[in-house]
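Okay, here's what each chain looks like letter by letter:
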Amino acid sequence: MPTILGQNQYGKAENRVVKITRDGATHHIKDLNVSVALSGDMDEVHYSGSNANVLPTDTTKNTVYAFAKEHGIESAEQFGIHLARHFVTSQEPIHRARIRIEEYAWERIETSDANSKFIGADEVKHSFVRKGQETRLTQITYDGEKWEVVSGLKDLVVMNSTNSEFWGYVKDKYTTLQEAYDRILATQVSARWRFNWTDDEQRMPHWEKSYEQTRKHMLQAFAETYSLSLQQTLYQMGSRIINHRGEIDEVRFSLPNKHHFLVDLEPFGLKNDNEVYFAADRPYGLIEATILRDGCEARIPVDMTNL
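Here is what the cut-offs are and how they apply
- Residues numbered from 1 in each chain as written.
- Predicted model: local features only at pLDDT ≥ 70, side-chain atom pairs only at ≥ 80, totals over all residues.
- Heavy atoms only, no water.
- Helix = DSSP H or I, 4+ residues; strand = E, 2+ residues; numbered from the N terminus.
- Expected span 1.5 Å × (residues − 1).
- Buried < 20%, exposed > 50% of the residue type's maximum accessible area, 1.4 Å probe, protein only.
- Contact = heavy atoms within 4.5 Å.
- Phe/Tyr/Trp six-rings, centres within 6.5 Å; stacked < 30°, edge-to-face > 60°.
- Lys NZ or Arg CZ within 6 Å of the ring centre and 35° of its normal.
- Pairing = 2+ DSSP bridges.
- Axes fitted to C-alpha atoms, helices over the stretch in contact; angles between N-to-C directions.
- Salt bridge = Lys/Arg side-chain N within 4 Å of Asp/Glu carboxyl O.

A closer look at helix α3 (residues 76-90)
Logical step 1: Taking 1.5 Å per residue, 15 residues should reach 21 Å; α3 reaches 21 Å between its end C-alpha atoms and fits that length.
Logical step 2: Among the residues of α3, Ala-76, Glu-77, Gln-78, Phe-79, Gly-80, Ile-81, Leu-83, Ala-84, Phe-87 and Val-88 are the ones counted as buried.
Logical step 3: Of the surrounding elements, those touching the buried residues of α3 are β2 (26-40), α2 (57-70), β3 (94-104), β6 (135-142), β7 (147-160) and α4 (207-224).

Some points on the packing of aromatic side chains
Logical step 1: Tallying each qualifying case throughout the model produces seven aromatic pairs.
Logical step 2: For the ring pair Trp-167 and Tyr-181, a centre distance of 5.7 Å and an interplane angle of 25 degrees mean the geometry is stacked. Pair noted here: Trp-167 is in the loop between β7 and β8 (185-195) and Tyr-181 is in the loop between β7 and β8, with a separation of 14 residues, a long-range link.
Logical step 3: Looking at Tyr-181, the relative accessible area reads 48%, which means it is partly exposed.
Logical step 4: Geometrically, the ring pair formed by Phe-195 and Trp-207 is edge-to-face, given 4.9 Å between the ring centres and 85 degrees between the ring planes. Here Trp-207 lies in helix α4 and Phe-195 lies in strand β8, a separation of 12 residues in the sequence. Across this residue pair, the class does not change: Phe-195 and Trp-207 are buried.
Logical step 5: The cationic tip of Arg-85 hangs over the ring face of Tyr-142; the distance from NZ or CZ to the ring centre is 6.0 Å.
Logical step 6: It is Lys-171 that lies over the ring of Tyr-169; its NZ or CZ is 4.5 Å from the centre.

A few points about the pairing of β6
Logical step 1: In terms of residue burial, β6 counts as a mostly covered element, since eight of its eight residues are buried.
Logical step 2: Where burial is concerned, the two faces of β6 agree: the one with Thr-135, Leu-137, Gln-139 and Thr-141 and the one with Arg-136, Thr-138, Ile-140 and Tyr-142 are both buried.
Logical step 3: Here β3 runs beside β6; their pairing, made up of seven bridges, is antiparallel. For Arg-98, the partnering residue across the bridge sits in β6 and is Thr-141.

Overview of the side chain of Asn-8
Logical step 1: Position of Asn-8 among the secondary structure elements: in the segment before β1 (15-23).
Logical step 2: Owing to a relative accessible area of 15%, Asn-8 belongs among the buried residues under this scheme.

Focus on the sheet that holds β1
Logical step 1: Taken together, the eight strands give an open sheet; going across it, the order is β1-β2-β3-β6-β7-β8-β9-β12, and neighbouring strands pair in antiparallel fashion. Since the sheet does not close on itself, it has two edges, and those belong to β1 and β12 (286-292), each with one partner. The average angle at which neighbouring strand axes cross in this sheet is 20 degrees, direction not considered.
Logical step 2: One ladder, built from seven bridges, connects strand β9 (residues 248-256) with β12; its direction is antiparallel. Across the sheet, the residue bridging to Pro-256 is Leu-286, located in β12.
Logical step 3: Packed on one face of the sheet, α2 meets β1 and β2 and runs near 10 degrees to β1.
Logical step 4: Packing against the sheet, helix α5 (residues 230-244) makes contact with β8, β9 and β12, and its axis sits at approximately 155 degrees to β9.

Here we look at the pattern of salt bridges
Logical step 1: Going through the model one piece at a time under the given rule, you end up with 17 salt bridges.
Logical step 2: With its nearest N and O atoms 2.7 Å apart, the salt bridge here joins Glu-250 to Arg-194. Remark: Arg-194 occurs in strand β8 and Glu-250 occurs in strand β9; sequence separation between them is 56 residues. We note that Glu-250, like Arg-194, is buried.
Logical step 3: Residues Arg-282 and Asp-281 are paired through a salt bridge, measuring 3.9 Å at the closest nitrogen-oxygen approach.
Logical step 4: A relative accessible area of 65% places Arg-282 in the exposed class.

Right, dumping it as structure tokens:
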């Protein structure tokens, strides 16, 4: 045979599942986009077309929905762990399962104090508005013995309107950028963090609390760092997470610099005292780096496009 089969996997991608938990009149929503990828003894299906070792992708889809009912969705991480364990332990040909989940957040709609014509406003506990901030992410990988959980977020837009400078950089004949001693610093955060929970003998993190606290420390570091570069701010964000969250060993950021340039108002006889800016969407500086706990190795891929 002139060719051989390399790495391969299969599964059902982007299963949209919404779970409503009804606690009396108070409802709770978990809104997930779940992708399943399975690998193992799959040579024959590629070489001869034999499906003897193939669990249909339609079955993996059905499993996602059935598990939402059977196990509930305590957190994206816990739900992914249930799925990965099931596929590896219930199907002998499957040696490795990777579950990727996006979670879309909802918050309750605040109602007025006045009573509605049809229902008391203080009784409305089932209406929500989709949060327009970040998308929460997690990837769970299981090989029957070891776990790897990498969580994170994307599309979290943040801005400091002052306390940021950029000067002292290398200049050559192509440099036109003026040094800035008071600028807007804004970025759209894409971040992933790897947990040091790797086997069932360890105490499992509290996934929901971990996400909330990690996000909090990340934002506080962004707000509290007097920035001389976006790189400096990135490092402070990652260091704050590592120093405050013992369950996390590695953080990787991809931070596009959302540039804001002062508009020249002098042609109109107006002085622009750091008040009016042009927000440029492209091209943009892209700052990326990994921050590690001392003694740990980097495992989060440098290219996080598909993570």
